[in-house]
Amino acid sequence: MVDTLTAVPATASDYLGLNAEQRYEIVSPRFPAWLLAEPIDFPPHHCTYGWACRVDGCTGVLPEISLQLLCVQHTRHYAKVKNTVELAEFLAGAEPRGRRLNWGVIRKSPCRITGCPREAEAAGYCLTHYNMRYRARCRGTLDCGWDTRQRPLPPTALCDVDGCVHDASLGRSLERQNRTLCPSHAAQFDWWLRSGEPGKGSWNEFLSIPRVVGSVSPAVVHGRVCLARLPSGLQREIRYALHRHANTAWRTPWRPNILQGVIDTLLAAGVQSLADPLVDDLTAAVSREPERRIWLDLPVAARSLAVTPDAAKAAGWFDPILVGAALFSGSQGTRRKPWNITAVSQVWLRNLLWDHLCDESLKPTGKRPSRGVIFDRITGVALLSRILEQNRADHGGVAEALGKRDADAVKDTFDLWFREQIPLPIVSSRTEPRVLTEATRMNYTAGARTVLIQAREHGRTAADLDLFILSLPRFPAAKKKPRPRPLSYDDFQMMVSPDNLRALDALDNDDIGCSDIWLTQAFQGGRIGETINLRLGCIGLIGAAQPYIWRDITKIGVIDYGMPCYLPVYERLLRRQEITRAKLRIRYRDQLAQLDSRGRARLEVSWDREMPLFPRIKLNTDLTLAVSQNWFRVAWTSWFEALGLRSITTHQTRATLATSLLNNGAPPALVRQLLGHFSEEALAHYANYNNDTMTRHLQQVWAASPGADNPGTILLRPTDITTDNPAAAAARIDLTVVPVEHGLCRYGPVVGGAQCPYQKNCTAGPDGPCEHFVLTGADLAYWERKRDAAYHFAEGAPTDDARDYILSQWTPWEPVLTGLREALDELGLLESAEKLDLRTPVHDYFDPLFSTGWQVTQMNSPEPAGTEQEIESV
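Okay, so let's go over this structure. (Residues numbered from 1 in each chain as written. Predicted model: local features only at pLDDT ≥ 70, side-chain atom pairs only at ≥ 80, totals over all residues. Heavy atoms only, no water.)

1. Here's the deal with the overall build of the chain
Along its length, the chain carries 38 helices and 14 strands. Split by element, the accessible area of the chain, about 43,800 Å² in all, is 52% carbon and sulfur. (Helix = DSSP H or I, 4+ residues; strand = E, 2+ residues; numbered from the N terminus. Areas by Shrake-Rupley, 256 points an atom, 1.4 Å probe, with all protein chains shown as cover.)

2. Some words on the pattern of salt bridges
Within this structure, the stated rule accounts for 38 salt bridges. Where E530 meets R551, a salt bridge forms, and the shortest distance between an N and an O atom there is 3.3 Å. Pair noted here: E530 is in helix α23 (residues 528-532) and R551 is in strand β8 (residues 546-553), with a separation of 21 residues, a long-range link. Here the two residues E530 and R551 agree in accessibility, since each one is buried. (Salt bridge = Lys/Arg side-chain N within 4 Å of Asp/Glu carboxyl O. Buried < 20%, exposed > 50% of the residue type's maximum accessible area, 1.4 Å probe, protein only.)

3. Concerning the sheet that holds β8
One open sheet holds the 3 strands; their spatial order is β7-β8-β9, and the pairing between them is antiparallel. What marks the edges here is a single partner per strand, and that holds for β7 (539-542) and β9 (558-564). When strand polarity is set aside, the average angle formed by the axes of neighbouring strands in this sheet is 35°. Pairing of β7 with β8 involves 4 bridges; the strand directions are antiparallel. Residue pairing across strands places G540 opposite Y548, the latter belonging to β8. Strand contacts of helix α24 (residues 567-587): β7 and β8, with the helix running at about 125° to β7, the strand carrying the most contacts. (Pairing = 2+ DSSP bridges. Axes fitted to C-alpha atoms, helices over the stretch in contact; angles between N-to-C directions. Contact = heavy atoms within 4.5 Å.)

4. Notes on the side chain of H46
Looking at the element boundaries, H46 is found in the loop between β1 (40-41) and α4 (72-81). Its relative accessible area of 16% is what places H46 among the buried residues. In this structure the side chain of H46 is engaged in a polar contact, spanning 3.2 Å, whose partner is the backbone nitrogen of Y49. (Polar contact = N/O pair within 3.5 Å; in protein donor to acceptor, adjacent residues only side chain to side chain.)

5. Examining the sheet that holds strand β13 (residues 743-745)
Reading across from one edge, β11-β10-β14-β13-β12 is the order of the 5 strands in this open sheet, with antiparallel pairing throughout. Of all strands in the sheet, those bounded by a partner on one side alone are β11 (714-716) and β12 (738-740). Across the sheet, the axes of successive neighbouring strands diverge by a mean angle of 45°, strand direction being ignored. The sheet contact formed by strand β10 (residues 702-704) and β11 spans 2 bridges and is antiparallel. In the sheet register, W702 faces β11, and the bridge partner there is L716. In the packing of helix α36 (residues 813-827) onto the sheet, the strands contacted are β10, β11 and β14 (773-776), and the crossing angle to β14 comes to about 40°.

6. Observations concerning the pairing of β8
Judged by how many residues are buried, β8 sits mostly within the fold: 6 of 8 residues are covered. Sheet topology places β8 next to β9; 5 bridges connect them, and they run antiparallel. Within the sheet, the bridge partner assigned to W550 lies in β9 and is G562.

7. With respect to the packing of aromatic side chains
Evaluation of the coordinates by the stated rule reveals 25 aromatic pairs. When the ring of Y747 is compared with that of Y758, the centres are 5.9 Å apart and the planes differ by 55°; the resulting orientation is tilted. Of this pair, Y747 sits in the loop between β13 and α33 (748-751) while Y758 is found in the loop between α33 and β14, placing the two residues 11 residues apart along the sequence. Here Y758 falls in the partly exposed class, since its relative accessible area comes to 36%. With centroids separated by 6.4 Å and ring planes inclined at 80°, the aromatic side chains of F773 and W783 adopt a geometry described as edge-to-face. One end of the pair, F773, is in strand β14; the other, W783, is in helix α34 (residues 780-795), with 10 residues separating them in the sequence. As far as burial versus exposure is concerned, F773 and W783 are alike and both buried. One aromatic cluster in this structure is built from W518, F632, W636, W639 and F640. A cation over a ring is seen here: R441 above F418, with NZ or CZ 4.2 Å from the ring centre. Sitting over the ring of Y588, R587 keeps its end group 4.4 Å from the ring centre. (Phe/Tyr/Trp six-rings, centres within 6.5 Å; stacked < 30°, edge-to-face > 60°. Lys NZ or Arg CZ within 6 Å of the ring centre and 35° of its normal.)

8. Brief notes about the packing of helix α21 (residues 498-506) against helix α22 (residues 514-524)
Relative orientation of the contacting elements α21 and α22 amounts to 135°, with a least axis distance of 8 Å. Relative to α22, α21 is oriented oblique. Counted together, L501, L504 and D505 of α21 and C514, S515, W518 and L519 of α22 form the full contact between these two elements. Of the residues belonging to the contact of α21 with α22, the class tally is 5 nonpolar, 1 polar and 1 charged. (Parallel < 35°, antiparallel > 145°, perpendicular 65-115°, else oblique. Nonpolar A, V, L, I, M, F, W, Y, C, P; charged D, E, K, R; others polar.)

The analysis is restricted to geometry; functional conclusions fall outside its scope.
Below, the structure is given as structure tokens:
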């Protein structure tokens, strides 16, 4: 124990300045007691290092990855009944079965022949009696009394493996010494011979391998790992790595017996630290996947203890965990390798890049660049380094000697690479050569310039270098891709039909919820990343049973953004919630068992905020990681291509929703709410009006409905807007009404989000049309067609009384339609209004949007004069 470390460092810099032993003394008190003991006896049912089946009395072998911690046979049995039986019920009724961990010390049942001491191998007989019975069957002499006529055989020698109680039936020769082995140990011996070249004393080496030792040891040995013979520094690194790995979201389960084999190899190779380059050579020699995972992840988990930032900087690589930062966003969540910057040959430039990466990694959440941006900056600096190395006599090693001429050479070289499509002089993991495009040329040069400019701002560069930095080239951004086109009606209906959704479910073997993701994306208009990363508690009811969905709009930095949810989507997500909660209860069953009812309720409430609704299957022991976009796109793309569709993207659903809403008369403010946009410019990227000018004017022509005191009175015309800011007035109009039954509702409580007290009977209530109902120019054609159809129907009425009754229902509508027609004619909009009906939904799934009031806090009563600026900010 280091006496000087009794106090915890006050800052991250103080901690990073400590050596590995000092850091370990600070963090090790947080380790569980079993991790600090020697040897380490892992808990049998640990979620990461578990080694025993959860069925009482079962010592069956666990599969390599088992979320339920069941042996191979129990895993198969539970998979058949998991849809109808809870895990707790299954564990209570399951019986021990399967191959035992300590199978070498448990003798099989004796042969069925009375008095025969040999072990039963097939059909209850020893191998000799089984072969005799088989030959008798072939001769036709096998009868029901065959067993009673057989004589017992003498016992055979036991297996030569110390402690094994099984009969030896096979012989193996090693170093000119005959060894007799049981069938199972003989198979292990054959595998061991094939896996390498055993040298002198290899029989003892065979007896010492974990598989053989475990077969003749008590079951608890399978959960034991010994570190005593390792150097003390390496022991600390391994214990630290085990603790860190167990708290990594994307970890894989490690079996202790395989981990012990890795430790024995480190001991035999004389490794002193997991940062030793020899570890990479030992990893490359391993081909078996479970063991290779440990070799790959163990040094990564120990990296922040085994390696100091200064050592990493000198070696030319960077990892955010070395400076106490989180990994960069994007696919870096499961990145094992550090960022390699050795391609930058100039020491001064490499140090500037390393310091830049350090600064970027320590930025707060929301300000940190993504993994793709980091890759572009590293690549840009590496290309800059190569250009300086080739163009200058000093190979760019003297920073102060660089000037504008060198910056011009950088531009000329990038122009040449792009114009002639010359393969870039950087090492790539891809087989095909990498060449510049308009986008990568801009990204790489901008990345290199950003690194140097930020270094200049932080005072890390000399003043002599300013001219070079400020003269580095700037290239224009690549041309933007075409805006996504809305899906056609037929294609959309095909992609949401029940039969085709069942075909999509068939591709979802692990029941992650591929069809639920797609329908949520299709009907709610989110970005695919927002849909995939929905939290478990993303849905709920507000007001009087209005379904709502909450999602994170990370593109604009808005968290937990709420919007109305289409009812069928809401019902699907309710079912998905129960499926995911069942998985979570299985994973956290031990923690739930230790809590009272109040504690369990608190834990499940925290799941709603923290756990994903669609958790991935692989590398997700704690179920805290959402399914990847790549997984969804692979399954979804193969599905719609099987339907005969081509070139469809998930982002087209946003354009489809926006265009349909706008073309059906939905206010832009409502569309922005549903899509998660806050400006007309952003909305314009996804949808266009049929006729922007016509639509805007038609929305501003209002007529009092037949239920009003003065039916047919024109309540609003474009010329009535007298404010100095017409855009603000137009925005307020949009926010003070809600679309209803081919018209608008002006009733304040309903506009504010309350339920309609008249049961939404806008036009067909018992007392006639609602007095708060208003017609617009966009609805003229609809109501005139409806009136004409009623008149035509009245002409065929069987009696005059019936005819008069039908016509009387439309008498109050005549002044309304007449007044609206006259107003539109006066404004020159009559012809457009006759041809247009903005409130006929293109898709049926939009219907709820036009029958439910939205939560709007602005409006309700006319604003006093002088409030135009407040209205504009709505």
